[in-house]
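# Descriptive structure summary
The lines below spell out each chain.
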Amino acid sequence: MTEPAIVATDIHVAYRPFADRVPTARRSIGRFRHRETREVVALDGASCTIERGEAVAIVGRNGAGKSTLLRVLAGTLEPDSGTVEVFGEPPTLLQLGVGFNGRLSGKHNVYLGGLALGHSRNEMDEMLPRIEEFAEIGEAIDRPVNTYSSGMRSRLAFAIAMTLEPETLLLDEILAVGDASFKERSMAALQDLVDRAGTVVMVTHSLSQAKRFCDTAIWLDAGRVKMIGPADEVISEYSSASEEPIGSPDKPPGEWNAKERTQLIRRLLTGAKPADLAAESGVDVSEIIAWRRRFIEGGRKALRPRFDGDDDDE
């Protein structure tokens, strides 16, 4: 019998953002600004059990509620209703750009993070060399974090977490940036954590990464759990349901917008071969590889057409 690490039951979360209504003549003359709230349901009765020593992937389209569920499991977001039971130490949540004081150096952030988790200054002195070695950011450890690239932030955050050896680690696209070497070391470190009966839950758009590493997958769709089961089966069903055609082979790649380029790269990241995508889309393999690098380093915005003149061999 396996033991649960986290049990979430019937989780509901709704956001109520403000929306400005179109000004009428009266509002314009009176300089009134009418604002109204519109409820956005992020999670709608989501339930799941995360077993101890298990690697779990949470997959789904953008806006499906993946990051919201991760924050609820971590205890950083209180659900509107439902319960979350954590067995053992509280989970450690890693999100890109979250948890660092950008004005302080990487080294200062290392100490602050460790002290916040109950470690002494002497313990952090001992851990610092291991963190620096894993992160491989060199002298940047002494620079303010707000000068870091997203890849450097990812490296440092992950290095801190793995050195502190959490019982349950929650990752929100933290491995979406960084080079292949860092990703390989990160996956090896995560596997070591799971082998020691640690628990890993990751939100990722890299379905190939999820299939390779995770035992179980949770498919979220519009805030609801659509399927839970073995990672291979869930990801296969999700891929079949969500695959979108590669857009615009009828126009040159330089005229593709960021959405069209992102669709192609996501197909690549989920296991499609560059040569097959090139044949289907009319985009050269070299161009596809360049787009993949940009997407990994900077996300969808890096695929905007204005980047076409950049040097891809830097």
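This structure is a prediction, so every number in the text was calculated from the model and none was measured.

## Some details on the overall build of the chain
Secondary structure assignment for the chain yields 11 helices and 11 strands. Counting the 314 residues in the chain, one finds 44% classified as buried. Taking as baseline every contact in the chain between residues at least 6 positions apart, the subset at least 24 positions apart corresponds to 65%. Here the chain displays about 16,400 Å² of accessible surface, and carbon together with sulfur accounts for 49% of that area.

## A look at the sheet that holds strand 6 (residues 81–86)
With antiparallel pairing, three strands are arranged side by side in an open sheet as 4-1-6. Edge strands, defined here as strands with exactly one partner in the open sheet, are strand 4 (40–51) and strand 6. Averaged over all pairs of adjacent strands, the angle between strand axes in this sheet comes to 15°, irrespective of strand direction. Of the pairings in the sheet, the one linking strand 1 (residues 4–15) to strand 4 comprises nine bridges and is antiparallel in character. Residue pairing in the sheet places alanine 8 in a bridge with cysteine 48 of strand 4.

## A look at the packing of helix 5 (residues 150–164) against helix 6 (residues 180–195)
Packing of helix 5 against helix 6 leaves a shortest axis separation of 11 Å and a crossing angle of 20°. In terms of their interaxial angle, helix 5 and helix 6 are classed as roughly parallel. Taken as a pair, helix 5 and helix 6 cross one another with a handedness that is left-handed. In contact with Ser154, Arg155, Phe158 and Met162 of helix 5, helix 6 contributes Phe182, Arg185, Ser186, Ala189, Leu190 and Leu193. Its residues placed into classes, the contact of helix 5 with helix 6 shows six nonpolar, two polar and two charged.

## Quick notes on the nonpolar core
In this structure, Leu156, Phe158, Leu169, Leu171, Leu190 and Phe213 are the most contacted members of the largest nonpolar core, which totals 49 residues. With nine residues, the single largest contributor to this core is helix 5. Ranked by size, the runner-up nonpolar core spans 25 residues in total, among them Val13, Ala46, Leu70 and Leu220.

## Side note on the confidence of the model for the chain
Of the residues in the chain, 82% reach a pLDDT of 70 or more, and the chain-wide mean stands at 81. Taken as a whole, residues 307–314 scores under 50 in pLDDT and shows 12 contacts with residues more than four places along the chain or in a different chain.

## Concerning helix 6
When the terminal C-alpha atoms of helix 6 are compared, their 22 Å separation across 16 residues agrees well with the 22 Å that a helix rising 1.5 Å per residue should span. Of the positions making up helix 6, those classed as buried are Phe182, Lys183, Ser186, Met187, Ala189, Leu190, Leu193 and Val194. End-on, the buried residues of helix 6 take up no more than an arc of 165°, which puts them together on one face. Exposed residues on helix 6 whose side chains face more than 90 degrees from its buried face are Ala180 and Asp195.

## Things to note about unusual backbone geometry
Positioned with a positive phi, aspartate 10 is a non-glycine residue whose angle comes to about 50°. Tracing the backbone shows aspartate 10 in strand 1. The exposure class assigned to aspartate 10 is partly exposed, which follows from its relative accessible area of 39%. Non-glycine residue alanine 222 carries a positive phi angle of around 55°. Judged by relative accessible area, alanine 222 falls into the exposed class, the value being 55%.

## Quick notes on the pattern of salt bridges
Inspection of every chain in the model, using the stated rule, returns nine salt bridges. We note a salt bridge from arginine 155 to glutamate 136, for which the minimum N-O separation is 3.7 Å. One end of the pair, arginine 155, is in helix 5; the other, glutamate 136, is in the loop between helix 4 (121–135) and helix 5, and 19 residues separate them in sequence. Among the salt bridges present, the one from arginine 185 reaches glutamate 136, with a minimum N-O distance of 3.2 Å. Linking arginine 185 in helix 6 with glutamate 136 in the loop between helix 4 and helix 5, this pair joins segments that are 49 residues apart in sequence.

Calculation notes
- Residues numbered from 1 in each chain as written.
- Predicted model: local features only at pLDDT ≥ 70, side-chain atom pairs only at ≥ 80, totals over all residues.
- Heavy atoms only, no water.
- Helix = DSSP H or I, 4+ residues; strand = E, 2+ residues; numbered from the N terminus.
- Buried < 20%, exposed > 50% of the residue type's maximum accessible area, 1.4 Å probe, protein only.
- Contact = heavy atoms within 4.5 Å.
- Areas by Shrake-Rupley, 256 points an atom, 1.4 Å probe, with all protein chains shown as cover.
- Pairing = 2+ DSSP bridges.
- Axes fitted to C-alpha atoms, helices over the stretch in contact; angles between N-to-C directions.
- Parallel < 35°, antiparallel > 145°, perpendicular 65-115°, else oblique.
- Left-handed = near helix turned anticlockwise from the far one by under 90°.
- Nonpolar A, V, L, I, M, F, W, Y, C, P; charged D, E, K, R; others polar.
- Core = buried A, V, L, I, M, F, W, Y, C linked by side-chain atoms within 4.5 Å.
- pLDDT = per-residue confidence, 0-100.
- Expected span 1.5 Å × (residues − 1).
- Arc of directions from axis to C-beta.
- Salt bridge = Lys/Arg side-chain N within 4 Å of Asp/Glu carboxyl O.

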